[in-house]
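# Notes for the structure review
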Amino acid sequence: MYDHNTSSILRVLQIVPGTSVDGPGLRTSVYLAGCTHRCPGCHNPASWDFNAGTPMSVDGIMSQIMAHGFNVTLTGGDPLQHRSVEALRRLVRAIRAEGLTIWCYTGHTYDELRAMPDIADIVDCFEAIVDGPYIAALRDPSLPFRGSSNQRILRPDGSEWHR
């Protein structure tokens, strides 16, 4: 249906439909395995292991997303560090082809992302990017959709995201 290429495999820790903490409205959050940032105080250190989770095809992930029809959040781990950039690209394109928006949480800053040519086309598909590493000393539970005050919610063009 979406992509039957066997190289379109992503390592998925969890898919959570109907969450309201990873972006506006009800969303399906897809937690991908792997992160090199290893932020002290990370709420999900089990996500650091690139071999964790279950291998899933883009088709398999999309069937779970479409079963609920919510917009999507990619998180983890750091989705933009996933070992299969091509599988991630295929997933992002499939989500957008269904008319859904995508939020992405990454420990990279916006400037770092823009300096990574292999993911520029992926970043351009997001409605919003929550950028920057979690910094425990800057933890602020009053901030919507992020954990520390250094993290920003940006549009792909670098402007601030607003509801």
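Residues numbered from 1 in each chain as written. Predicted model: local features only at pLDDT ≥ 70, side-chain atom pairs only at ≥ 80, totals over all residues. Heavy atoms only, no water.

## Brief notes about the pairing of strand E5 (residues 102-105)
Applicable threshold: The rule is simple: take the accessible area with a 1.4 Å probe, protein chains only, and divide by the maximum for that residue type; under 20% is buried, over 50% is exposed, in between is partly exposed. Put simply, DSSP H or I for four residues or longer makes a helix, DSSP E for two residues or longer makes a strand, and each gets a number counted from the N terminus. Strand pairing requires that DSSP identify at least two bridges connecting the strands. With strands facing away from the observer, any crossover in which the path from the first strand over the helix to the second runs clockwise is taken as right-handed.
Judged by which residues are buried, E5 turns out to be covered on both faces: Ile102 and Cys104 on one side and Trp103 and Tyr105 on the other are all buried. In terms of strand pairing, strand E4 (residues 71-76) meets E5 through 3 bridges, oriented parallel. Opposite leucine 74, over in E5, you have cysteine 104 as the bridge partner. In the classification by handedness, the crossover that spans E4, the intervening helix H2 (residues 85-97) and the parallel E5 is right-handed. Here 3 bridges tie E5 to strand E6 (residues 128-131), and the two strands are oriented parallel to one another. Among the inter-strand pairings, tyrosine 105 is bridged to a residue of E6, identified as valine 130.

## Details of unusual backbone geometry
Cis peptide bonds are those with omega within 30 degrees of zero, and the linkage from glycine 76 to glycine 77 qualifies with 25°. Secondary-structure assignment places glycine 77 in the loop between E4 and H2. Of note, the phi angle at arginine 38 is positive, near 45°, even though the residue is not glycine. Despite not being glycine, phenylalanine 145 has its phi angle at roughly 65°, a positive value. For phenylalanine 145, the position within the fold is in the loop between E6 and strand E7 (152-154).

## Some remarks on the pattern of salt bridges
Condition: Any carboxyl oxygen of Asp or Glu that lies within 4 Å of a side-chain nitrogen of Lys or Arg is treated as forming a salt bridge with it.
Applying the stated criterion across every chain, the model contains 6 salt bridges. Two residues, aspartate 124 and arginine 114, come together in a salt bridge whose shortest N-O distance is 2.6 Å. Placement of aspartate 124 in the loop between helix H4 (120-123) and E6 and of arginine 114 in helix H3 (residues 110-114) is noted, with a sequence separation of 10 residues between them. Judged by its relative accessible area of 30%, arginine 114 falls in the partly exposed class.

## Let's talk about the side chain of threonine 101
To keep it simple, the criterion reads: Polar contacts, as used here, are pairs of N or O atoms within 3.5 Å; protein pairs need one atom able to donate a hydrogen and one able to accept it. Residues neighboring in sequence count only if both atoms are side-chain atoms. Contacts: residue pairs with any heavy atoms within 4.5 Å of one another.
Within the element layout of this structure, threonine 101 appears in the loop between H2 and E5. A polar contact is formed between the side chain of threonine 101 and the side chain of glutamate 127, at a distance of 3.4 Å. Every residue in contact with threonine 101, bar those within four places of it in the chain, is listed here: Arg27, Asn71, Val72, Ile95, Arg96 and Glu127.

## Focus on helix H1 (residues 58-66)
Rule in force here: By arc we mean the arc of the directions from the helix axis to the C-beta atoms, nothing more.
For H1, the set of buried residues is Val58, Asp59, Ile61, Met62 and Ile65. Viewed along the axis of H1, the buried residues span an arc of 160°, placing them on a single side of the element. Residues of H1 that are buried in the fold lie against strand E1 (9-19), strand E2 (27-32), strand E3 (54-57), E4 and H2.

## Structural notes on the sheet that holds E3
The following threshold applies: Axis definition: a line fitted to C-alpha atoms, limited for helices to the stretch in contact. Angles are taken between N-to-C directions and run from 0 to 180 degrees.
Overall, mixed pairing links the 7 strands, which are arranged E3-E1-E2-E4-E5-E6-E7 in an open sheet. Since the sheet does not close on itself, it has two edges, and those belong to E3 and E7, each with one partner. In this sheet, adjacent strand axes meet at a mean angle of 30° when their direction is disregarded. Two elements, E6 and E7, share 3 bridges in a ladder whose sense is antiparallel. In the sheet register, valine 130 faces E7, and the bridge partner there is isoleucine 153. Where H1 meets the sheet, it contacts E1, E2, E3 and E4, and its direction lies at approximately 85° from that of E3.

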